[in-house]
Amino acid sequence: MSRVCEICGKGKMDGKTVSHANNKAPRKYNVNLQPVELNGKTVKACTKCIKTMKKD
């Protein structure tokens, strides 16, 4: 089960977490995926895609 949006293909991103002492450590940012029913089929879509679909 991968953490990738089935509509736009957005996946994990890397970055750094920065402490108050300005120490930098690597971390991963996961995409906010939600199960959505689309044409009678359940897909995992990111919230940005869901918001865009509601506009149409």
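Please refer to the structure higher up on the page.
All figures in this text were calculated on a predicted structure; none of them were measured in a lab.

Chemist: Account for the pairing of strand β3 (residues 33–38), with residues named and values stated.
Modeler: As paired strands, β3 and strand β4 (residues 41–46) are joined by 6 bridges and run antiparallel to one another. Its bridge partner lying in β4, Gln34 is registered against Ala45.

Chemist: Can you break down the pattern of salt bridges residue by residue, with the values?
Modeler: One pass over the full model with this rule turns up 1 salt bridge. The shortest N-O distance in the salt bridge between Asp14 and Lys28 comes to 3.9 Å. Taken together, the positions of Asp14 in strand β1 (residues 13–18) and Lys28 in strand β2 (residues 24–29) put the pair 14 residues apart, joining distant regions of the chain.

Chemist: Tell me about unusual backbone geometry, and please be specific about residues and values.
Modeler: A positive phi angle, near 65°, is found at Asn22, a position not held by glycine. If you trace the backbone, Asn22 turns up in the loop between β1 and β2. Taking the relative accessible area as the measure of exposure, Asn22 reaches 48% and is therefore partly exposed. For Asn39, which is not glycine, the phi torsion reads 55° and is therefore positive. Tracing the backbone shows Asn39 in the loop between β3 and β4.

Chemist: Outline the nonpolar core, supporting the account with residue identities and numerical values.
Modeler: By size, the foremost hydrophobic cluster in this structure holds 8 residues: Cys5, Val31, Leu33, Val36, Ala45, Cys46, Cys49 and Ile50. Elements supplying a minimum of two residues to this core: β3, β4 and α1 (47–55). Ignoring sequence-local partners within four residues, the contact set of Ala45 consists of Cys5, Ile7, Asn32, Leu33, Gln34, Val36 and Ile50.

Chemist: So what's going on with a positive patch on the surface? Residues and values would help.
Modeler: Taken together, the side chains of Lys10, Lys48, Lys51 and Lys55 make up a positively charged region of the molecular surface. Its place among the elements puts Lys10 in the segment before β1.

Chemist: Could you give an account of the environment of Val36, with specific residues and numbers?
Modeler: Examined against the element boundaries, Val36 turns out to sit in strand β3. Looking at Val36, the relative accessible area reads 16%, which means it is buried. Taking the C-alpha atoms as reference points, Val36 and Ala25, separated by 11 residues in sequence, lie 34 Å from one another. Residues within four places of Val36 in sequence aside, it is in contact with Lys41, Thr42, Val43, Ala45, Ile50 and Met53.

About the criteria used
Residues numbered from 1 in each chain as written. Predicted model: local features only at pLDDT ≥ 70, side-chain atom pairs only at ≥ 80, totals over all residues. Heavy atoms only, no water. Pairing = 2+ DSSP bridges. Helix = DSSP H or I, 4+ residues; strand = E, 2+ residues; numbered from the N terminus. Salt bridge = Lys/Arg side-chain N within 4 Å of Asp/Glu carboxyl O. Buried < 20%, exposed > 50% of the residue type's maximum accessible area, 1.4 Å probe, protein only. Core = buried A, V, L, I, M, F, W, Y, C linked by side-chain atoms within 4.5 Å. Contact = heavy atoms within 4.5 Å. Patch = residues over 30% accessible without salt bridge, like charges linked within 9 Å, V, L, I, M, F, W, Y side chains within 5 Å. Areas by Shrake-Rupley, 256 points an atom, 1.4 Å probe, with all protein chains shown as cover. Lys, Arg positive; Asp, Glu negative; His and termini not counted. Charge placed at Lys NZ, Arg CZ, Asp CG, Glu CD.

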